[in-house]
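A look at the structure
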Amino acid sequence: MSRRSLTLIIASVGAAAAIAVSVLVPVPYVILGPGPTLNTLGKDSSGQPLITISGHASYPTSGHLNMVTVSYEGGPGVRLNIFAALAAWLNPHEAVVPESEIFAPGQSQQESQTQDTQEMTGSQQTATAAALTELHIAYSTQVVVIQAEPGYPAHGVLKAGAVITAVDGQTVTGQPSLTKLITAHPAGTKLALTIQRSGATQQVQVGTKQAGGHPVIGVEIQEQYKFPFDVKFSVGDIGGPSAGMMFALGIIDKLTTLDLTEGKFIAGTGEITASGQVEAIGGIQQKMVGARDAGATVFLTPASNCADTKGAVPAGLRLVKVSTLTQAVDYLQDIKAGKSVPGC
């Protein structure tokens, strides 16, 4: 065999091996693309309203207030090869990001889906709280124990599901007030906590310990809300927290005669706090594309995401920059009136 033939054979085998490796060996990246978009004022595929309010007067709505999502390909248990990643990288409507940005180390696909579902449920509750706060409708906040951390004073004293209602006789109205009441005393202080569990009220003694530069009792908590009427959501298997602002706007539109859209197709995104702060989200570029493809002409954008939209705004989509739920409501009213509103 000639040297040239041998060289060609070796090169061919090497190329074939490289191609095989490229196809068969997964790369630690995830492809993000535009996901489904749903009208919070409309119905799901089964005809069920996305937002149902019972126990309080509600009013007809028009137009769209669409929540938007991001789809992803890859992640734990999914084989994504270099060719798929390169193709997505060349697609202006997709993004390729490290798997570690989407999934925690060692997290499975199922664990991620469970987390997304929990975040969606929390987002819906927080959105309801934000909407009622905006409309000055009273509700109560409970501080519920998720777990007590081993090695800290609360361990063995506070059980999951307990509701902390007071510290030394002072009412707990939420996580900030609990933290304030605990840190008002030096580490090592014994605190009298009033708790509710299984319908019974009792008082327990819990010490504090220095951690992170301030006194703690060592407990993981979650705020839960008690509303004066029912607000239910139907979004299928969509997860994550980023639809909060749009849920809140949908609730406000249904509870009032404001008619926030005046028939327009408006979409948007942003996490929401109970006080109405709009926070940054991921995948803003893919969400804008999904919104425009669905027909949106106005897109409500968290102010802290504006830098991420540069050079990626689809033609025909107007961005409106918002930092709070109050701003979102006011700017939608201004748009109806033909007034100028801040953009990114």
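What counts and what doesn't
- Residues numbered from 1 in each chain as written.
- Predicted model: local features only at pLDDT ≥ 70, side-chain atom pairs only at ≥ 80, totals over all residues.
- Heavy atoms only, no water.
- Pairing = 2+ DSSP bridges.
- Helix = DSSP H or I, 4+ residues; strand = E, 2+ residues; numbered from the N terminus.
- Axes fitted to C-alpha atoms, helices over the stretch in contact; angles between N-to-C directions.
- Contact = heavy atoms within 4.5 Å.
- Phe/Tyr/Trp six-rings, centres within 6.5 Å; stacked < 30°, edge-to-face > 60°.
- Buried < 20%, exposed > 50% of the residue type's maximum accessible area, 1.4 Å probe, protein only.
- Parallel < 35°, antiparallel > 145°, perpendicular 65-115°, else oblique.
- Left-handed = near helix turned anticlockwise from the far one by under 90°.
- Nonpolar A, V, L, I, M, F, W, Y, C, P; charged D, E, K, R; others polar.
- Polar contact = N/O pair within 3.5 Å; in protein donor to acceptor, adjacent residues only side chain to side chain.

**A look at the sheet that holds strand 1 (residues 29-39)**
Paired through backbone hydrogen bonds, the strands of a sheet run either parallel or antiparallel to each other. Pairing in this open sheet of 6 strands is mixed, and the strands run 4-1-3-14-17-18 from one edge to the other. For this open sheet the edge positions go to strand 4 (95-98) and strand 18 (318-322), each flanked by a neighbour on one side alone. The sheet shows a mean angle of 35° between the axes of neighbouring strands, direction not considered. Looking at chain direction, strand 14 (residues 265-268) and strand 17 (residues 298-302) are connected through 3 bridges and run parallel. Within strand 17, the position partnered with Ile266 by the bridge is Val298. Its contacts with the sheet place helix 5 (residues 244-255) against strand 3 (64-74), strand 14, strand 17 and strand 18, and it is angled at close to 155° to strand 3.

**Concerning the packing of aromatic side chains**
Overall, the coordinates contain 4 aromatic pairs when judged by the stated rule. With centroids separated by 5.8 Å and ring planes inclined at 80°, the aromatic side chains of Tyr139 and Tyr225 adopt a geometry described as edge-to-face. With Tyr139 in the loop between helix 3 (109-134) and strand 5 (140-148) and Tyr225 in strand 12 (residues 219-226), the pair connects residues that are 86 residues apart, well separated along the chain. Exposure remark for Tyr139: the relative accessible area of 24% places this residue in the partly exposed category. We classify Tyr225 as buried; its relative accessible area is 14%. Centre to centre, the rings of Phe233 and Phe247 are 5.0 Å apart; their planes meet at 65°, and the pair counts as edge-to-face. In this pair, Phe233 sits in strand 13 (residues 230-233) while Phe247 sits in helix 5, placing the two residues 14 residues apart along the sequence. There is no split in this pair, since Phe233 and Phe247 are both buried. Taken together, the aromatic side chains of Tyr139, Tyr225 and Phe227 make up a single cluster linked through ring pairs.

**Here we look at the packing of helix 5 against helix 7 (residues 325-336)**
The contact between helix 5 and helix 7 brings their axes to 11 Å, and the two run at 55°. Here helix 7 runs oblique to helix 5, going by the angle between their axes. Considering the relative orientation of helix 5 and helix 7, their crossing is right-handed. Contact residues: helix 5 offers Met245, Ala248, Leu249 and Ile252, while helix 7 offers Leu325, Ala328, Val329 and Leu332. The class makeup of the residues in the contact of helix 5 with helix 7 is 8 nonpolar, no polar and no charged.

**What about the side chain of Thr273?**
With respect to the secondary-structure elements, Thr273 resides in the loop between strand 15 (271-272) and strand 16 (278-279). One polar contact links Thr273 to Ser275, side chain to side chain, over a distance of 3.0 Å. Of note is the side chain of Thr273, whose polar atom sits 2.9 Å from the backbone nitrogen of Gln277. Apart from the residues lying within four places of it in its own chain, the contact partners of Thr273 are Thr126, Ala130 and Glu279.

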